[in-house]
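Listed here are the chains, written in short residue letters.
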Amino acid sequence: MSVQIVRTLAELRATIAAWRRDGAVIAVVPTMGALHEGHLSLVRAALGRADRVIVTLFVNPKQFNSAADLAAYPRTEDDDAAKLAPLGAHMLYAPDAQEIYPEGFATTVSVSGVSEGLCGAFRPGHFDGVATVVAKLFLQTGADLAFFGDKDFQQLLVVRRMARDLDLPVEIVACPTVREADGLALSSRNVRLSPSQRAKAPKLAEALTAAARRLASGARPLSTLDDARTAILAAGFDRVEYLELRSADDLATLDLLDRPARLLVAAWLGHTRLIDNVEVV
Ligand code: PAF
């Protein structure tokens, strides 16, 4: 069995129209490919809620801050299609670039508030790129449901806000972060880690989880975050870009744990930037 690969908007729309005539509920799982178990967990969740599941694969140039990062992004379409087939995903929509950004494309979807700070502060324009491409994918597929991982928590809130603000008739479904046995959050960027970096990488989740536990038992945020930052650097990370306690609803900064919260981090191991986040309850 293989997954149907679609490259044009015309073919996408024709297939979806036929599905709609059969009354199908349609889900979309937006990805940039290099699929790992985290993506596959989204596909399984989508198959549990929808009759037809479209996985999109588009390495979106508008959300990269550096040409080198865009060029280095893994492109593994054949492997991706092979991973999707046994799950029973119905379509891999891997559009040609002009189907997303046709000649003269001049529109940007920009979400204020939740896009600011955290990754938004260090990757200028990144969330505009994400919001723009995700809005297009929602409109092109007309999906009823869209699945995103908690791993990119700020992205999840940006997409939610965008869909709400633009009255896009799609339910955004969040799915838990999938981790390796040693706690490292799955990411397409993990393949870039050298063996010695890979050995250090799980310390990020370890420090985050320990800090979340301390916060939940009443420790002061300032000193807890300082200790976690120290632990991450002591574990061999080169730089902590941010480590912050934020409100889980709207990412407002928190000095006190007085509402449902999330602890979010970005840190560098050599040339690889890892992000992670955990709930603080
Ligand atoms: O999370 C990703 O892989 C990307 O940001 C997304 C949502 C597919 C948009 O390009």
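Reading the values: rules and limits
Residues numbered from 1 in each chain as written. Predicted model: local features only at pLDDT ≥ 70, side-chain atom pairs only at ≥ 80, totals over all residues. Heavy atoms only, no water. Core = buried A, V, L, I, M, F, W, Y, C linked by side-chain atoms within 4.5 Å. Buried < 20%, exposed > 50% of the residue type's maximum accessible area, 1.4 Å probe, protein only. Helix = DSSP H or I, 4+ residues; strand = E, 2+ residues; numbered from the N terminus. Pairing = 2+ DSSP bridges. Axes fitted to C-alpha atoms, helices over the stretch in contact; angles between N-to-C directions. Parallel < 35°, antiparallel > 145°, perpendicular 65-115°, else oblique. Left-handed = near helix turned anticlockwise from the far one by under 90°. Contact = heavy atoms within 4.5 Å. Nonpolar A, V, L, I, M, F, W, Y, C, P; charged D, E, K, R; others polar.

Details of the nonpolar core
Counting residues in hydrophobic clusters, the biggest one holds 46 residues, and the most contacted among them are Ile54, Phe138, Met162 and Ile172. For this core, the elements supplying multiple residues, two or more each, are helix H1 (9–21), strand E2 (26–31), strand E4 (91–93), helix H7 (126–141), strand E5 (145–149), helix H8 (153–165) and strand E8 (261–269). Sorting elements by how many residues they give to this core places H7 first, with eight residues. With 25 residues, the next largest nonpolar core counts Leu193, Leu204, Phe237 and Val280 among its residues.

Examining the sheet that holds strand E3 (residues 52–57)
One open sheet holds the six strands; their spatial order is E1-E4-E3-E2-E5-E6, and the pairing between them is parallel. Since the sheet does not close on itself, it has two edges, and those belong to strand E1 (4–6) and strand E6 (171–175), each with one partner. Taking the axes of each pair of neighbouring strands and ignoring which way they run, one obtains an average angle of 25° across the sheet. Alignment of E3 against E4, held across three bridges, turns out to be parallel. Note that in E4 the partner of Ile54 across the bridge is Met91.

Notes on the packing of H7 against H8
A pair of packed helices is characterised by two quantities: the angle between their axes and the separation of those axes. Contact geometry of H7 with H8 gives a least axis separation of 10 Å together with a crossing angle of 55°. As far as their axial angle goes, H8 and H7 are oblique. As for how H7 packs across H8, the hand of that crossing is right-handed. The residues of H8 that touch H7, namely those facing Phe127, Val130, Ala131, Val134, Ala135 and Phe138, are Gln154, Gln155, Val158, Val159, Met162 and Ala163. Its residues placed into classes, the contact of H7 with H8 shows ten nonpolar, two polar and no charged.

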